[in-house]
Amino acid sequence: MLTTKRLFSTSHSSVDPKEMKKFQLLAHKWWDEEGDYSALHSMNDIRVPFIRDTLLNMSSNYHLGSPLSGIKILDVGCGGGLLSEPLGRLGASVTGIDPLEDNIRTADQHKSFDPVLAKRIQYKSSSLEEMVEECMEMFDVIVASEVVEHVADLETFIKCCSQVLKPEGSLFITTINKTQLSYILGIVVAEKIVGIVPEGTHEWEKFVPPEELQHLLESHGFSVQAVNGMLYNPLTGSWSWMESTSINYAMHAVKSGAGGPSSPTESLSEMESEQRSATAGTSV
């Protein structure tokens, strides 16, 4: 039922007004490393190397000190810039978008403390749909970390990602699986018992199984290259990779080139290779 509802949604916007109201209350707390977003701060320890190493494995160009130099990245749902900043420090040219103006103000203010980042990162209060109008096939990479479980229309979101991404560009997603275990750990424990995130942050009905996400991606011209399970340890406040995707997971997909999608054999070979290298390069 859930898949059918998403696939045939008549909505033309991926922005959920209810989600915006929730995050509006937290807009000033993004850079408190011990606060409501502490788990996202520590997630950088694995998601940033995952993005970096995957991109380096796909490219023959390497800039010492700025390994992502020359790469244009769109950070969708950037919040206060927690992921945009480390990607900018790696040399990438980053555009961070968020529909909440207060989030963008917070991100801009924090970026201003570092003159290097001020040149490499630009933030916009914008939805992904609005970016499509001005940025068709403009970006080499899109990152949507902890975002898809908050969107109103997942298919519209994926379609827009495809439209602003260059052929053979990469899409990185981290999100939460829709399982009984993710409900217990992601909502009951994380929100109601331990308080890792504020109560009401997530709705289990909007969690996305990796099979559903992969199906949507493939139907919009993407080839999924890697799916890696992620585990958060609330005792140590740290993330690690794991084989199971039953709770959190990261996905890397590549948009088909101008000549069309690659063959299944090529995709499988690339997926196996990237899964090995990404896992080896990002384990904590």
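See the structure printed just above.
Right, let's walk through the structure included here.

Moving on: the overall build of the protein. Helix and strand counts for the protein come out as eleven helices and eight strands. Contacts in the protein between residues at least 24 apart in sequence constitute 74% of all its contacts with a sequence separation of at least 6. Of the accessible surface of the protein, which amounts to about 13200 Å², a share of 54% is contributed by carbon and sulfur atoms.

Another point: a nonpolar patch on the surface. Together, L181, Y183, I184 and L185 make up an exposed nonpolar region whose accessible area comes to about 330 Å². As for its placement among the helices and strands, Y183 is situated in helix α9 (residues 180-193).

This part covers the pairing of strand β2 (residues 93-98). The side chains of a regular strand alternate between both faces of the sheet. Within β2, five of the six residues are buried, leaving the element largely enclosed by the surrounding structure. Inspection of the sheet shows strand β1 (residues 72-76) paired to β2 by five bridges, in the parallel sense. What sits directly across from I73, in β2, is V94. Crossover connection from β1 via helix α4 (residues 84-89) to parallel β2: handedness right-handed.

Taken in spatial order, the eight strands of this open sheet run β3-β2-β1-β4-β5-β8-β6-β7, and their pairing is mixed. Taken across any chain shown, the strands that pair with only one partner, and hence form the sheet edges, are β3 (121-125) and β7 (238-242). Going across the sheet, the axis of each strand differs from the next one's by a mean of 20 degrees, ignoring polarity. Running over the sheet, helix α5 (residues 101-111) touches β2 and β3 and is turned about 165 degrees from β3.

Take the nonpolar core next. Counting residues in each nonpolar core, the largest one holds 36 residues, and the members touching the most others are L68, I73, L87 and V143. Elements supplying a minimum of two residues to this core: α3 (38-58), α5, β3, β4 (139-145), β6 (222-233) and β7. Non-local contacts of L87, meaning those with residues more than four positions away in its chain, are made with I51, L68, I73, A92, V94 and V143.

To continue, consider the packing of aromatic side chains. Tallying each qualifying case throughout the model produces four aromatic pairs. Ring geometry for F50 versus W241: centroids 5.3 Å apart, planes at 55 degrees, classification tilted. Here W241 lies in strand β7 and F50 lies in helix α3, a separation of 191 residues in the sequence. We note that F50, like W241, is buried. An angle of 50 degrees between the planes, with centres 5.0 Å apart, marks the rings of Y232 and W239 as tilted.

Moving on to the state of the cysteines. Enumeration according to the criterion identifies zero disulfides in this entry. Here C160 is not disulfide-linked; the sulfur of C161 is the nearest cysteine sulfur, at 7.3 Å. What makes C161 buried here is its relative accessible area of 0%.

Because each turn of an α-helix spans 3.6 residues, side chains separated by three or four positions end up pointing in the same direction. The element helix α8 (residues 154-164) is largely enclosed, with a buried count of eight among its eleven residues. For α8, the set of buried residues is L154, T156, F157, I158, C160, C161, S162 and V164. The backbone nitrogen of E155 has a side-chain oxygen 3.2 Å away, supplied by the residue at the start of α8, namely D153.

At E137, a residue that is not glycine, the phi angle is positive and equals roughly 50 degrees. Mapped onto the secondary structure, E137 falls in the loop between α7 (128-134) and β4. Given a relative accessible area of 41%, E137 falls into the partly exposed group. The backbone phi angle of E168 is positive, close to 70 degrees, even though this residue is not glycine. Looking at where E168 falls in the secondary structure, it is placed in strand β5 (residues 165-176). Of the residues examined, E168 reaches a relative accessible area of 55% and is grouped as exposed.

This brings us to the pattern of salt bridges. Under the criterion given, the structure shown has ten salt bridges. Its salt-bridge partner being K29, residue D36 comes within 3.3 Å of it at the nearest N-O pair. With a relative accessible area of 31%, K29 lands in the partly exposed category. Three or more residues joined by partner-sharing salt bridges are found here, namely E85, R89 and D114.

Turning to the packing of α8 against helix α10 (residues 210-219), a few remarks are in order. The packing of two helices is summarised by the inter-axis angle and the distance between the axes. Remark: α8 packs on α10, axes separated minimally by 10 Å, with the N-to-C direction vectors making an angle of 45 degrees. When the axis of α8 is compared with that of α10, the two are oblique. The handedness of the crossing between α8 and α10 comes out as right-handed. In this structure, α8 uses L154, E155 and I158 to contact α10, whose residues at the interface are E212, L213, L216 and L217.

Reading the values: rules and limits
Residues numbered from 1 in each chain as written. Predicted model: local features only at pLDDT ≥ 70, side-chain atom pairs only at ≥ 80, totals over all residues. Heavy atoms only, no water. Helix = DSSP H or I, 4+ residues; strand = E, 2+ residues; numbered from the N terminus. Contact = heavy atoms within 4.5 Å. Areas by Shrake-Rupley, 256 points an atom, 1.4 Å probe, with all protein chains shown as cover. Patch = residues over 30% accessible without salt bridge, like charges linked within 9 Å, V, L, I, M, F, W, Y side chains within 5 Å. Salt bridge = Lys/Arg side-chain N within 4 Å of Asp/Glu carboxyl O. Buried < 20%, exposed > 50% of the residue type's maximum accessible area, 1.4 Å probe, protein only. Pairing = 2+ DSSP bridges. Right-handed = clockwise from strand over helix to strand, strands pointing away. Axes fitted to C-alpha atoms, helices over the stretch in contact; angles between N-to-C directions. Core = buried A, V, L, I, M, F, W, Y, C linked by side-chain atoms within 4.5 Å. Phe/Tyr/Trp six-rings, centres within 6.5 Å; stacked < 30°, edge-to-face > 60°. Disulfide = S-S within 2.5 Å. Polar contact = N/O pair within 3.5 Å; in protein donor to acceptor, adjacent residues only side chain to side chain. Parallel < 35°, antiparallel > 145°, perpendicular 65-115°, else oblique. Left-handed = near helix turned anticlockwise from the far one by under 90°.

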